[in-house]
Amino acid sequence: MATKNLVTPLVLSFLTLTLFQTSNAGGIAIYWGQNGNEGTLQDTCATGLYAYVNLAFLIQFGSGQTPVLNLAGHCDPSSGGCQILSDQIKYCQKYGIKVMLSLGGGVGSYSLSSEADAKNVSQYLWNNYLGGKSSFRPLGDAVLDGIDFDIELGSTEYYDVLAESLFGYNYKGSKVYLTAAPQCPFPDSHLGAALNTGLFDYVWVQFYNNPPCQYSNGNTTNLFNSWDLWTTSVRAGRFFMGLPAAEQAAGSGFIPADVLTSQVLPVIKKSPKYGGVMLWSRYWDETSGYSSAIKSSV
């Protein structure tokens, strides 16, 4: 009897510790699609480095415009050339990697003109990239896991309606993940209202190209203050630290891999909302080997 009473607390303690460690285990998200020299989508997933891949970008949509997918030198969607990605998407998903379509980016023509427009874009995304049906699906019959909001241009309105409308498709049987890549100045001018819906699963905040809220010259104060503000102010499933994968990948905000693993990750992983690290982009990551250097610590 005495032995049994001693073992049970030890087992419970071990289980509690294991659960705590698992809850703080993170993943790496990567943006793929904007450089024809970054390798194929399948090769990207086959590295085993990434848990999430954002296909970048749908650069034109809304306000009556015909949606335009731009995957740089990888394929031509207008001729059906990007349907070759269907099997590659399924390959990634077979290994548990979530694949999202990213809306927006730093270059393009996109905006939402009304609530009705937002709902029309949502329906287009459902039918052409998610679980719906269309006579011409740009990426073939593969069903993406969700939609990523990387809104940096144009009108700031109605993205909350778009998020709510996309979320509504969860009731059609398959999970639609919602992710977002806001700039670190809080609140984000384009995505603030959308994030206030509380519907986003993953938020990878861009802690770069924004000196007031990024790492700079060995100083982590602004970075940590911004991380704390985001993770305690926005209702979302998990937060990721968005970073350039190489010094050349952004104007500022690069964190050397050894600094990230020794000084930054041990601090931000204390947050119950920690999800991992997002990197821009696969091309720069392949060039620098950044994710390989940090993966065991994420």
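Residues numbered from 1 in each chain as written. Predicted model: local features only at pLDDT ≥ 70, side-chain atom pairs only at ≥ 80, totals over all residues. Heavy atoms only, no water.

Comments concerning the packing of aromatic side chains
Test applied: Aromatic rings from Phe, Tyr and Trp, taking only the six-membered ring of Trp, are treated as a pair when their centres fall within 6.5 Å; an angle between ring planes under 30 degrees marks them as stacked, one over 60 as edge-to-face, and anything in between as tilted. Each helix is a run of H or I in the DSSP string that is no shorter than four residues. Each strand is a run of E no shorter than two, and both are numbered from the N terminus.
The final tally for this structure, using the stated rule, is 22 aromatic pairs. Plain terms: the ring middles of Y52 and W204 are 5.6 Å apart, the flat faces sit at 55 degrees to each other, and that makes the pair tilted. In this pair, Y52 is assigned in strand 2 (residues 52–61) and W204 in strand 8 (residues 202–206), connecting sequence segments 152 residues apart. Ring centres 5.7 Å apart and planes at 80 degrees place the aromatic pair Y202 and F240 in the edge-to-face group.

Re the UniProt feature "domain: GH18" (unreviewed entry) in the protein chain
As a reminder, the rule being used: UniProt positions are given in the numbering used here, feature names are shortened, and annotations may be inferred rather than shown by experiment.
Within this numbering scheme, the UniProt entry marks residues 26–298 as carrying the feature "domain: GH18" (unreviewed entry). In residues 26–298, helix accounts for 30% and strand for 21%; the two terminal C-alpha atoms are 5 Å from one another.

Some points on the pattern of salt bridges
Just so we agree on the cut-off: Note on definitions: salt bridges are taken to be side-chain nitrogens of Lys or Arg within 4 Å of carboxyl oxygens of Asp or Glu. For each residue, the accessible area found with a 1.4 Å probe, counting protein chains only, is set against the maximum for its type, and the residue is called buried under 20%, exposed over 50%, and partly exposed in between.
Inspection of the entire model under this criterion finds 3 salt bridges. Where K90 meets D141, a salt bridge forms, and the shortest distance between an N and an O atom there is 2.8 Å. Of the two residues, K90 sits in helix 3 (residues 85–94) while D141 sits in the loop between helix 4 (115–129) and strand 6 (146–151), which places them 51 residues apart along the sequence. With relative accessibility at 35%, the residue K90 sits in the partly exposed group. You can call D141 exposed: its relative accessible area is 52%. Of the charged contacts, one joins D201 and K175 as a salt bridge, the two residues approaching to 2.9 Å between their closest N and O atoms. Here D201, found in the loop between helix 6 (192–195) and strand 8, pairs with K175, found in the loop between helix 5 (159–168) and strand 7 (177–180); they are 26 residues apart in sequence, far enough to count as distant. Note on K175: relative accessible area 40%, which makes it partly exposed.

Remarks on the nonpolar core
What counts is decided by this rule: In these notes, a set of buried Ala, Val, Leu, Ile, Met, Phe, Trp, Tyr and Cys residues joined through side-chain atoms within 4.5 Å is what counts as a nonpolar core. Residue contacts are counted whenever heavy atoms from the two residues lie within 4.5 Å of one another.
Among the nonpolar cores identified, the biggest contains 80 residues, and L139, F149 and L260 are the most heavily contacted of them. It is helix 8 (residues 257–268) that contributes the most residues to this core, 6 residues altogether. Those residues within four positions of F149 in sequence are excluded, and the remaining contacts are L103, Y159, L162, A163, L166, L178, T179, A180, A181, L191 and F200. Counting residues in each nonpolar core, the second largest holds 15 residues, with I59, A181, W204 and Y208 among its members.

Some points on the state of the cysteines
Rules: Counting rule for disulfides: a pair of cysteine sulfur atoms within 2.5 Å.
Per the counting criterion, the structure on display carries 3 disulfides. Here C45 pairs with C92 through a disulfide, and the sulfurs are 2.0 Å apart. In this structure the cystine formed by C45 and C92 twists about its S-S bond by roughly 95 degrees; its chirality is therefore right-handed. With a gap of 47 residues between them, C45 in helix 2 (residues 41–46) and C92 in helix 3 connect regions that are remote in the sequence. Under the relative-accessibility criterion, C92 is labelled buried at 0%. Here C75 is linked by a disulfide to C82, with a sulfur-sulfur distance of 2.0 Å.

Here we look at the packing of helix 7 (residues 221–233) against helix 8
The cut-off we apply is this: Note on geometry: axes are lines fitted to C-alpha atoms, helical ones only across the stretch in contact, with angles between N-to-C directions running from 0 to 180 degrees. For this classification, under 35 degrees means roughly parallel, over 145 means roughly antiparallel, 65 to 115 means roughly perpendicular, and everything else is oblique. Take the far helix as your reference; a near helix turned counterclockwise from it by less than a right angle gives a left-handed crossing, and one turned clockwise gives a right-handed crossing.
Helix 8 packs onto helix 7 with a crossing angle of 20 degrees between their chain directions and a minimal axis gap of 11 Å. Regarding the angle of helix 7 to helix 8, the classification is roughly parallel. Helix-helix and strand crossings are classified by hand; for helix 7 and helix 8 the assignment is right-handed. Side by side, helix 7 and helix 8 meet where L223, F224 and W227 of the first sit next to Q263, V264, V267 and I268 of the second.

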